[in-house]
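Single-letter residue listing:
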Amino acid sequence: MSARELNGSDTQSDTAQGIGALAHDALRQMIISGELPAGQEFSQSELSRRISVGRTPLRDALRLLEREGLVVNTGPHRSVRISPLTMQDLDDLYSMRVMGESVAIWLTVPILRGSDFERLERDLELTSTGDAEAHRRFHAGLRVGAGPRLISHLQTLFDHAERYQRARLAQEPHERMAAALAEHRFILDACLARDRVRARDLIVDHIAATAEALMTEARHAPYTLPTAITMAKAGSVPSTTSADV
């Protein structure tokens, strides 16, 4: 193969990968937003039409979404089912969030500076107007002290949790929104006071509230969440000594 042919092949491959990535991002957002409702089935041809891509990039996107747990039953010629909302998944998902977010905010509170608090205040105000991106940024701002792998992991969990948040808001939109905004305010105030124990405990309760309400509504007894809450609030992190490393 000539250099020109090789470069052409690489360009085509990069283009295909780029289309596949765009297809993945588009479908992922449609799932998280509820535009593709949980539990519903769609043909691959229908999804291909909806996001205007061919079958090959669509299949690449579906493989990634299946790996992420957002779709099931994907294959060359099968229909695609959007992963349903289940109490077991809810229990696992929010247990993971409780543990991870408690570590992240513990690491974040001591390093927040004036400019960080200004951004958090601004995003909190925008969140009160229903700005979903501001809400996303607000929670991201409470993780900036964590490592990149933990931050990425928690952002993925946050995105998955959005599907359950929407279900909760559908049940009690006004009451839950008002409570959530108050909880955000209390969390930020604890950060401003450099009280990371209170900030940690508040964010644990804030995250767990959605899961607890949905499981109560479904009359489902949580399995992992109570343990996760207890462990997340277990106490201060012991100081590290050279013998511990």
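Residues numbered from 1 in each chain as written. Predicted model: local features only at pLDDT ≥ 70, side-chain atom pairs only at ≥ 80, totals over all residues. Heavy atoms only, no water.

1. Considerations on helix H10 (residues 225–232)
Every buried residue belonging to H10 is among Leu225, Ala228, Ile229 and Ala232, and all of these are buried. Viewed end-on, H10 has its buried residues packed into an arc of 100 degrees, placing them on one side of the element. Facing away from the buried side of H10, by more than 90 degrees, are the exposed residues Thr230 and Met231. Turning to H10, the residues buried within the fold contact helix H4 (87–108) and helix H9 (196–217). (Buried < 20%, exposed > 50% of the residue type's maximum accessible area, 1.4 Å probe, protein only. Helix = DSSP H or I, 4+ residues; strand = E, 2+ residues; numbered from the N terminus. Arc of directions from axis to C-beta. Contact = heavy atoms within 4.5 Å.)

2. Topic: unusual backbone geometry
Of note, Ser52 is a non-glycine position whose phi angle comes to about 60 degrees, a positive value. Tracing the sequence through the fold places Ser52 in the loop between helix H2 (44–51) and helix H3 (55–68). The class of Ser52 is exposed, set by a relative accessible area of 64%. In the Ramachandran plot, Arg219 falls in the positive-phi region, its phi being about 55 degrees despite a non-glycine side chain.

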